[in-house]
Amino acid sequence: MSRGILARLRLSSLRLRLVVVFALVALTAAVAASGIAYWLNREAVLTRTQDGALNDFRQEMQNRVATLPLRPGQEDLGRTAEQMASGSAGYQVLLLGERDEGKPVVGASDPDDFTLADVPLSLREAVDTRRPVTDANPYPYHLFWQRTERGGTPYLVGGTRIDGGGPAGYMFKSLAAEKADLNSLAWSLGIATALAVAGSVLLAQVAATTVLRPVHRLGEAARQLGEGKLDTRLRVTGADELADLTRTFNGAAESLQKKVADMSAREESSRRFVADMSHELRTPLTALTAVTEVLEDEQDALDPMIAPAVALVVSETRRLNDLVENLMEVTRFDAGTARLVLDDVDIADQITACVDARAWLDAVELDAERGIVVPLDPRRLDVILANLIGNALKHGGSPVRVSVRTEDGELVIAVRDHGPGIPEEVLPHVFDRFYKASASRPRSDGSGLGLSIAMENALIHGGSITASNSVGEDGEVDGAVFVLRLPLDASGITSEVKTRSGRGEVEEA
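Residues numbered from 1 in each chain as written. Predicted model: local features only at pLDDT ≥ 70, side-chain atom pairs only at ≥ 80, totals over all residues. Heavy atoms only, no water.

The name recorded for the protein in an unreviewed UniProt entry is histidine kinase, from Streptomyces bikiniensis. What UniProt states about the protein under its Catalytic activity (unreviewed entry) heading is, verbatim, "ATP + protein L-histidine = ADP + protein N-phospho-L-histidine." (UniProt positions renumbered as here; feature names shortened; annotations may be inferred.)

Enquirer: Run through the nonpolar core, naming residues and quoting values.
Expert: Soluble, globular proteins show a tendency: their nonpolar side chains are buried together. In this structure, I347, L411, I413, I465, F482 and L484 are the most contacted members of the largest nonpolar core, which totals 38 residues. Counting residues per element, the ones that place at least two in this core are α8 (347-357), β8 (373-376), α9 (378-395), β9 (400-407), β10 (410-416), α10 (450-460) and β12 (477-487). Among the elements that take part in this core, α9 stands out by supplying seven residues, more than any other. Beyond its immediate stretch of four places on either side in the chain, I347 contacts I372, V374, L376, L381, V404, L411 and I413. (Core = buried A, V, L, I, M, F, W, Y, C linked by side-chain atoms within 4.5 Å. Buried < 20%, exposed > 50% of the residue type's maximum accessible area, 1.4 Å probe, protein only. Helix = DSSP H or I, 4+ residues; strand = E, 2+ residues; numbered from the N terminus. Contact = heavy atoms within 4.5 Å.)

Enquirer: I'd love a proper account of the side chain of D346, names of residues and values included.
Expert: Topologically, D346 is positioned in strand β6 (residues 343-346). One buried charged residue, D346, remains without a salt bridge, the closest side chain of opposite sign being R370 at 5.0 Å. Here the side chain of D346 touches A348 through a polar contact of 3.2 Å, landing on its backbone nitrogen. Once residues lying within four places of it in the same chain are set aside, the contact partners of D346 are G371, I372 and V373. (Lys, Arg positive; Asp, Glu negative; His and termini not counted. Salt bridge = Lys/Arg side-chain N within 4 Å of Asp/Glu carboxyl O. Polar contact = N/O pair within 3.5 Å; in protein donor to acceptor, adjacent residues only side chain to side chain.)

Enquirer: Tell me about the pattern of salt bridges, residues and numbers included.
Expert: One side chain can pair with another of opposite charge once the charged atoms of both are near each other. Counted under the stated rule, the structure contains 17 salt bridges. E75 is the salt-bridge partner of R79, the closest N and O atoms lying 3.9 Å from each other. With R79 and E75 both in helix α2 (residues 74-85) and four residues apart, the pair spans about one turn of that helix. Look at E75 and you get exposed, because its relative accessible area is 63%. With a shortest N-O distance of 2.9 Å, R79 and D76 are connected by a salt bridge. Placement of both R79 and D76 in helix α2 is noted, with a separation of three residues, approximately one turn of the helix. The class of R79 is partly exposed, set by a relative accessible area of 38%. Since its relative accessible area comes to 24%, D76 is described here as partly exposed.

Enquirer: Run through the packing of α8 against α9, naming residues and quoting values.
Expert: Between α8 and α9, the least distance of the axes is 10 Å, while the angle of their chain directions is 60°. In terms of orientation, α8 lies oblique with respect to α9. Judged by the sense of rotation from one axis to the other, the crossing of α8 with α9 is right-handed. Taking contact as the criterion, the partners of I347, Q350, I351, C354 and V355 in α8 are, on α9, P378, L381, D382, L385, A386 and I389. Residue composition of the contact of α8 with α9, grouped by class: nine nonpolar, one polar and one charged. (Axes fitted to C-alpha atoms, helices over the stretch in contact; angles between N-to-C directions. Parallel < 35°, antiparallel > 145°, perpendicular 65-115°, else oblique. Left-handed = near helix turned anticlockwise from the far one by under 90°. Nonpolar A, V, L, I, M, F, W, Y, C, P; charged D, E, K, R; others polar.)

Enquirer: If you had to explain the pairing of strand β11 (residues 464-471) to someone new, which residues and values would you point to?
Expert: With seven bridges joining them, β11 and β12 adopt antiparallel strand pairing. Bridge pairing in β12 links I465 to L484. As consecutive antiparallel partners, β11 and β12 are separated by five residues, and within that stretch G475 has a phi angle of approximately 85°, a positive value. (Pairing = 2+ DSSP bridges.)

Enquirer: Hey, could you go over the sheet that holds strand β3 (residues 144-150) for me, with residue numbers and the actual values?
Expert: Strand order in the open sheet formed by five strands is β2-β1-β5-β4-β3, with antiparallel pairing between adjacent strands. Taken across any chain shown, the strands that pair with only one partner, and hence form the sheet edges, are β2 (103-108) and β3. Averaged over neighbouring strand pairs, the angle between their axes works out to 20° when direction is ignored. In this structure, strand β1 (residues 91-100) lies alongside β2, joined through six bridges in antiparallel fashion. Paired with E98 across the strands is P104, a residue of β2. Across the face of the sheet, α2 comes into contact with β1 and β2 while running at roughly 160° to β1.

Enquirer: Break down the sheet that holds β10 for me, with residues and values.
Expert: Read across the open sheet, the five strands follow the order β7-β9-β10-β12-β11; overall the sheet is mixed. The open sheet has two edge strands with one neighbour each: β7 (364-367) and β11. Across this sheet, the average inter-strand angle for adjacent strands is 20°, counted without regard to direction. In the packing of α9 onto the sheet, contacts are made with β7, β9, β10, β11 and β12, and the angle to β12 comes to roughly 175°. Together, β11 and β12 form the strand contacts of α10, whose direction differs from that of β11 by roughly 125°.

Enquirer: So what's going on with α10? Residues and values would help.
Expert: Among the 11 residues of α10, 11 are classified as buried, and the element is accordingly described as predominantly covered. Among all positions of α10, only G450, L451, S452, I453, A454, M455, E456, N457, A458, L459 and I460 are buried. The first or second residue beyond α10 is G462, which carries a positive phi of 85°.

Enquirer: Tell me about the pairing of β10, and please be specific about residues and values.
Expert: Along β10, five of the seven residues are buried, which leaves the element largely enclosed by surrounding structure. Counting the residues that bridge the hairpin from β9 to β10 gives two residues, and of these D408 lies at a positive phi of roughly 55°. Pairing of β10 with β12, which is carried by seven bridges, proceeds in the antiparallel orientation. Counterpart to A414 in the pairing with β12 is V483.

Enquirer: Tell me about α2, and name the residues and values.
Expert: Under the 1.5 Å per step criterion, the end-to-end length of α2 is 16 Å for 12 residues, consistent within 8% with the ideal 16 Å. Burial in α2 covers these residues: L77, G78, T80, A81, M84 and A85. Looking straight down α2, one finds that the buried residues subtend no more than 165° of arc, so they occupy a single side. (Expected span 1.5 Å × (residues − 1). Arc of directions from axis to C-beta.)

Enquirer: Tell me about the packing of aromatic side chains, residues and numbers included.
Expert: Tallied over the full model, the rule gives four aromatic pairs. Taking the centre distance of 6.1 Å and the plane angle of 90° together, the rings of F57 and Y91 count as edge-to-face. With a gap of 34 residues between them, F57 in helix α1 (residues 2-63) and Y91 in strand β1 connect regions that are remote in the sequence. Taken individually, F57 and Y91 each receive the classification buried, so the pair is uniform in this respect. Put simply, the rings of F114, Y155 and F172 pair up and form one aromatic cluster. Over the ring of Y155 we find R150, and its NZ or CZ is 5.1 Å from the ring centre. (Phe/Tyr/Trp six-rings, centres within 6.5 Å; stacked < 30°, edge-to-face > 60°. Lys NZ or Arg CZ within 6 Å of the ring centre and 35° of its normal.)

Set out below in structure tokens:
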């Protein structure tokens, strides 16, 4: 009994040490990260507001105050100050001039809110100080600013004087909104820090149960299982919770092995069925294609009532033929029989040939230097380009821009359109086979496998394709961007195909 109590005490001591260490590390990291984030955001927010207000004030001084007479009246100053304060910058204005020598006159946009007493004396002295004009200092007067506080509210005060003896101007902008935003940020960071500490405590509790040797063995077995060694089993010893966990692991591994075997058998059967079906369809499709070609040649001489039906048969036969070819290509990828036939390819020439062969020259802009030669499979690269460019032309908006560059040992080809972009909920599925972005369009002209095949052709080259939306200067989506990345060095490419378990794509070109 005493031995069990000592064991529990030792366990509690280990948990306590882990909790303390994890909590201290998390607290230090969270406080440091929160402090840095708050400081960076504070400077960014204040600098952005300050620069916007001061630049607007400087422009208003140049556009309005500089046009006033050398000895303006109070009415002129007040009217000009109100005009300057009516802008979107949201500051009050005070203009200080002289109607006669030594007789100051003041015009304010809101005398109840902003008076000369609100301007710090040091700022007024800096504004009134005339500096020698030199090559390094072309202007005698400059714009100065200072942050101050009134009634617990922070304000930005700025001032400058018109060259040549004109009036001096001061602006007064409240920073209450920025203060509120920064306070909200501070609260958010504080809550995040607290959650990080709480999470570290929970993590310490979990870690306390995973540092024992039996659990390490269980983790190693799980790693082997994840690597595909489905026959991995552990020897069960004892009758405690770890023994129960080991038995559960062995049962799960056995069940997984059985399910994987069943799924592999079904997948092989399905793959064989698709391949056989596609192969069997090719013979009647060849005959149908020949017939439809004859019908298409004679379409102009057919009865107008029959011509639409003939056109439909021709288009659907071609679509069915494309579908069968795509299914056979997908089957080759899934079966791991696809192979690369590498050749030195001039990328600019390859893209031009792809676009020219499909009569897309008028709708595609190419930004590619000649002389970028990469060892690739020309046929598979043509398939990738045709699908990406065709998809952009069909679902995006002209002009479609294709740009080519090299970076970090990779060939990067970006295809951008100017359409409505891809909905956010569709982006994760854009390379899924037969995925339809809209349930109201269950049928379309393409086979739904184009982008999937393009991705598989990129993967077999050791590359990838990513899809995203381009955002314009106004913050609105300005078309979709597909980026193809392929290695410049083909020496590491193997003939093994990396197949994907996805289902379907957006429609092929």
